[in-house]
Amino acid sequence: MVFLTHLAAVLGNGDPRVVDGIAAQHRVIAFDNRGVGATTGTTPKSIQAMAADAVTFIRALGLTKVDLFGFSMGGMIAQVIAQTEPELVRKLIIAGTGPAGGEGIKNVTRISHLDTVRALLTLQDPKQFLFFTRTPNGKRAGKEFLARLKERKNHRDKPIALTAYAAQLKAIHRWGLEKPSDLSVVHQPVLVANGDQDRMVPTKNTHDLARRLPDSELVIYPDAGHGGIFQFHAQFVEKTLEFLAR
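As the structure is a computational prediction, the values presented were derived from the model and not from experiment.

**Q** Which residues make up helix 3 (residues 73-84), and what are the values?
**A** Helical periodicity: at 3.6 residues per turn, an α-helix aligns residues three or four positions apart in one direction. The end-to-end C-alpha distance of helix 3, which contains 12 residues, comes to 17 Å, matching closely the 16 Å that a straight helix rising 1.5 Å per residue would cover. Along helix 3, the residues classified as buried are Met-73, Gly-74, Gly-75, Met-76, Ile-77, Ala-78, Gln-79, Val-80, Ile-81 and Ala-82. Turning to helix 3, the residues buried within the fold contact strand 1 (2-4), helix 2 (47-60), strand 3 (66-71), strand 4 (89-95), helix 7 (162-177) and helix 8 (204-212).

**Q** Talk me through the sheet that holds strand 6 (residues 216-221); I want residue IDs and the actual numbers.
**A** Strand order across the open sheet formed by six strands is 2-1-3-4-5-6, with parallel pairing between neighbours. Every interior strand has two partners, whereas the edge strands, strand 2 (29-30) and strand 6, have only one. Relative to strand 2, strand 1 is paired through two bridges, and the arrangement is parallel. In the sheet register, Val-2 faces strand 2, and the bridge partner there is Ile-29.

**Q** Tell me what's going on with the layout of surface pockets, and back it up with residues and numbers.
**A** Put simply, the largest pocket is a space of about 500 Å³. Taken together, 24 residues form the lining of the largest pocket, with His-6, Ala-8, Asn-13, Asp-125 and Lys-127 sitting closest to its centre. Considering every element that reaches the lining of the largest pocket, the biggest residue donor is helix 5 (residues 126-130), with three residues. A class-by-class count of the residues in the lining of the largest pocket yields 13 nonpolar, six polar and five charged. Its volume calculated, the second largest pocket comes out at about 310 Å³. Forming the walls of the second largest pocket are 20 residues, and the residues nearest its centre are Phe-3, Thr-5, Gly-14, Val-19 and Ala-30. Elements with a minimum of two residues in the lining of the second largest pocket: strand 1, helix 1 (16-23) and strand 3.

**Q** Can you explain the packing of aromatic side chains? Please cite residues and give values.
**A** Think of a pair of aromatic rings as described by two things: how far the centres are apart, and how the planes are tilted against each other in angle. Summed over the entire model, instances satisfying the criterion amount to 11 aromatic pairs. On the numbers, 6.1 Å between centres and 45° between planes, the contact of Phe-131 with Phe-145 is tilted. Here Phe-131, found in the loop between helix 5 and helix 6 (136-148), pairs with Phe-145, found in helix 6; they are 14 residues apart in sequence, far enough to count as distant. Taking 4.8 Å as the distance between ring centres and 15° as the angle between the ring planes, the aromatic pair formed by Phe-145 and Phe-230 counts as stacked. With Phe-145 in helix 6 and Phe-230 in helix 9 (residues 228-231), the pair connects residues that are 85 residues apart, well separated along the chain. Here Phe-145 and Phe-230 have matching classes, each one buried. One aromatic cluster is present, built from ring pairs that chain together Phe-71, Phe-131, Phe-132, Phe-145 and Phe-230. The ring centre of Phe-243 lies 5.0 Å from the NZ or CZ of Lys-91, which sits over that ring.

Basis of the calculations
Residues numbered from 1 in each chain as written. Predicted model: local features only at pLDDT ≥ 70, side-chain atom pairs only at ≥ 80, totals over all residues. Heavy atoms only, no water. Helix = DSSP H or I, 4+ residues; strand = E, 2+ residues; numbered from the N terminus. Expected span 1.5 Å × (residues − 1). Buried < 20%, exposed > 50% of the residue type's maximum accessible area, 1.4 Å probe, protein only. Contact = heavy atoms within 4.5 Å. Pairing = 2+ DSSP bridges. 1 Å grid on protein atoms, 1.4 Å probe; cavity = no way out; pocket = protein on both sides within 12 Å on 5 of 7 lines; lining within 4 Å. Points joined across faces, edges and corners; volume = space filled by probe spheres on them. Nonpolar A, V, L, I, M, F, W, Y, C, P; charged D, E, K, R; others polar. Phe/Tyr/Trp six-rings, centres within 6.5 Å; stacked < 30°, edge-to-face > 60°. Lys NZ or Arg CZ within 6 Å of the ring centre and 35° of its normal.

So, in structure tokens, the structure goes:
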């Protein structure tokens, strides 16, 4: 299982409950794409180039068939890999993401900037606003998630550089402006998940993906936002393991 991470994420941004839960039964590989965290190089400004880098990384490990787990931007990368390198992918899990040209995806930059300002003004982490609802359940889930990210103390990754972050925002913006791609060519089984109130990549995109992918299964978590799979990590891991075992 190769993990493809979200906007601004480095290796320390993987939810331990999700990573460890899946790793209990599967080999999990997480990595920083080019120019991100401790990885050198220049971060690409397109999802397609990021997908090509991911394929290069996977093949460099000598792997010929993998499962992909893509969250948010990672889910966009996973879609491209499934379309361009179908023989490399056995199954996909994509969460909090949308198709090329999906409604509202071009607004990720604006929303990210606004919520970063909100977080600075309230001395909070931007993910509290970007990933979770402002309901009591959402606020509590966000605090628990952020606490989990601090559990691992050793070998912490470098934070993402502002130049790499800007390149990723550019890539997502371009993805949101693209013409819709033909997802009917993706014949692998796909688990599609999200919260029912995703502000970053509106949840209607998740429903759109499930409709357009020929072999998909849809899971929507209630009173949850972009980080619904982290809020409902126990249920998500259980569903993921069941999906992968089929």
